[in-house]
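Listed below are the residues making up each chain.
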Amino acid sequence: MSTTATFSRGTDLAVIGAAGKTGTAVIAALETADTTPVRRVVHTARQAGDRAVDLETGAGLVDALSGCRGVYFIAPNMHPDEPALFERFLAAVAEAGVDHVVYHSVAWPYTPAMPHHLDKARCEDILHASGVRWTVLQPCAYTENFASVLDGSVDALDVPYDPDASFSFVALSDVATVAARVLVEGTDIHHGATYELGGPDSVSVRQLCAVAGRSVEIEQVSVPVWMERHGRDLPADTRERLAAMFDFYDDHGFVAGSAVTAALLGRAPARVADLVSSMPRR
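Residues numbered from 1 in each chain as written. Predicted model: local features only at pLDDT ≥ 70, side-chain atom pairs only at ≥ 80, totals over all residues. Heavy atoms only, no water.

1. Details of the packing of helix α1 (residues 21-33) against helix α6 (residues 172-185)
As a packed pair, α1 and α6 sit with axes 8 Å apart at the nearest point and diverge in direction by 55°. As judged from the angle between their axes, α1 and α6 are oblique. Once α1 is placed against α6, the crossing between them reads as right-handed. Where α1 abuts α6, its residues Lys-21, Thr-22, Ala-25, Val-26, Ala-29, Leu-30 and Ala-33 lie against Leu-172, Ala-176, Thr-177, Ala-179, Ala-180, Leu-183 and Val-184. Split by residue class, the contact of α1 with α6 holds 11 nonpolar, two polar and one charged. (Axes fitted to C-alpha atoms, helices over the stretch in contact; angles between N-to-C directions. Helix = DSSP H or I, 4+ residues; strand = E, 2+ residues; numbered from the N terminus. Parallel < 35°, antiparallel > 145°, perpendicular 65-115°, else oblique. Left-handed = near helix turned anticlockwise from the far one by under 90°. Contact = heavy atoms within 4.5 Å. Nonpolar A, V, L, I, M, F, W, Y, C, P; charged D, E, K, R; others polar.)

2. Structural notes on the nonpolar core
Tyr-72 and Leu-137 are the most contacted members of the largest nonpolar core, which has 66 residues in total. Here the element with the most residues in this core is α6; it accounts for eight residues. Each residue touching Leu-137, except ones within four places of it in the same chain, is listed here: Tyr-72, Val-102, Tyr-103, His-104, Ser-105, Val-106, Val-178, Ala-179, Val-182, Tyr-195 and Leu-197. Formed by 28 residues, the second largest nonpolar core is a distinct cluster that contains Val-41, Val-93, Val-98 and Leu-127. (Core = buried A, V, L, I, M, F, W, Y, C linked by side-chain atoms within 4.5 Å. Buried < 20%, exposed > 50% of the residue type's maximum accessible area, 1.4 Å probe, protein only.)

3. Digging into α1
Spanning 13 residues, α1 covers 18 Å between terminal C-alpha atoms, matching the ideal 18 Å at 1.5 Å per step. Packing partners of the buried residues in α1 comprise β1 (12-16), β2 (38-42), β4 (68-73), β5 (100-104) and α6. (Expected span 1.5 Å × (residues − 1).)

4. Considering the packing of aromatic side chains
All chains considered together, the criterion is met by 15 aromatic pairs. Taken together, a centroid distance of 4.6 Å and an interplanar angle of 35° make the contact between Phe-73 and Phe-89 tilted. Of this pair, Phe-73 sits in strand β4 while Phe-89 sits in helix α3 (residues 82-96), and the two are 16 residues apart along the sequence. Each member of the pair, Phe-73 as well as Phe-89, is classed as buried. (Phe/Tyr/Trp six-rings, centres within 6.5 Å; stacked < 30°, edge-to-face > 60°.)

Bear in mind that shape data such as this cannot, by itself, settle questions of function.
Quick look at the structure:
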C-alpha cells in the first residue's frame, strides 16, 4: 500500500461506524471537545450530513474521507472478516490522503481462543505495515453492556459464563473521551501509540449487580441455552464467535489496566457506581 503524504491534505475528522453505540459516543465527545468539523460515516444515511459507504466493497469511502486529517474506525461487531474490511478502508485512507487512523481494537487482541479478538490483532498488524500514521485503542468490555442492570430495567439476568469471573469494565463515555482527545491532538502526540483502556476496578457480573444496588436474580446458563434464549436470530458465524468468547470468559475473565485510561482522561476512570448515579432509574 502506498504511504500517505507527510502532511495531511485535510482538516476534518471522521468516524467510521458513526451510527453504532461507540461511534455515536465518539461523535458526541468530539463535538464537546473541539470545533473541528466531524463527519458521520455510516452504512445507511439517516440524517443530514451523513456519508453513506459500503465497507464490504469500499464504495464511497474515498469520497467520504477526502478532506479529512483523522479518522476513527470501528468495525461492525463480530464481523466475520474484519481484516478484509480494514484493508479496503486503509486503501481508501491512502487515496484520500488522510493523515491519522485511530483504530478501535480490543484489550488482549492476540487471544487465539477468541476469533474476533484475533481478527483485531491481524488488523493491528496490517495497520503497522500500512504506511499510514496510526493510533490503536484497546478497550476492555463496556460497563454499559449491563445498562439494563444499571438503570433498573431488569430484575433477572442470564449469564453464559461464571458470574464471579473478573472484568475491568470501562465506561463507554471514557473510551469516547479518549478517542476524541487522540483524534483532536493528532499524530504529533499519538502516532505509534497503543493504548489499553481498562476500568478502575476488577469486578464480576455478580459484584456489578451488587454495586448497582439492584435486586437482580443471576442465573448462570450454558452457552446453548443462552443462544436459544437470546441468539436465535444471529448469523451462525456470530453465534460461534460469541460462544468462543463466553467460554473464554468462563475460564479467564477479562481484565485490563486503567493507568493509561486515567492518564489520557486526566482523571480517574468512571466506576460502576458513577454510572449508576448518572442513569435515570426505570
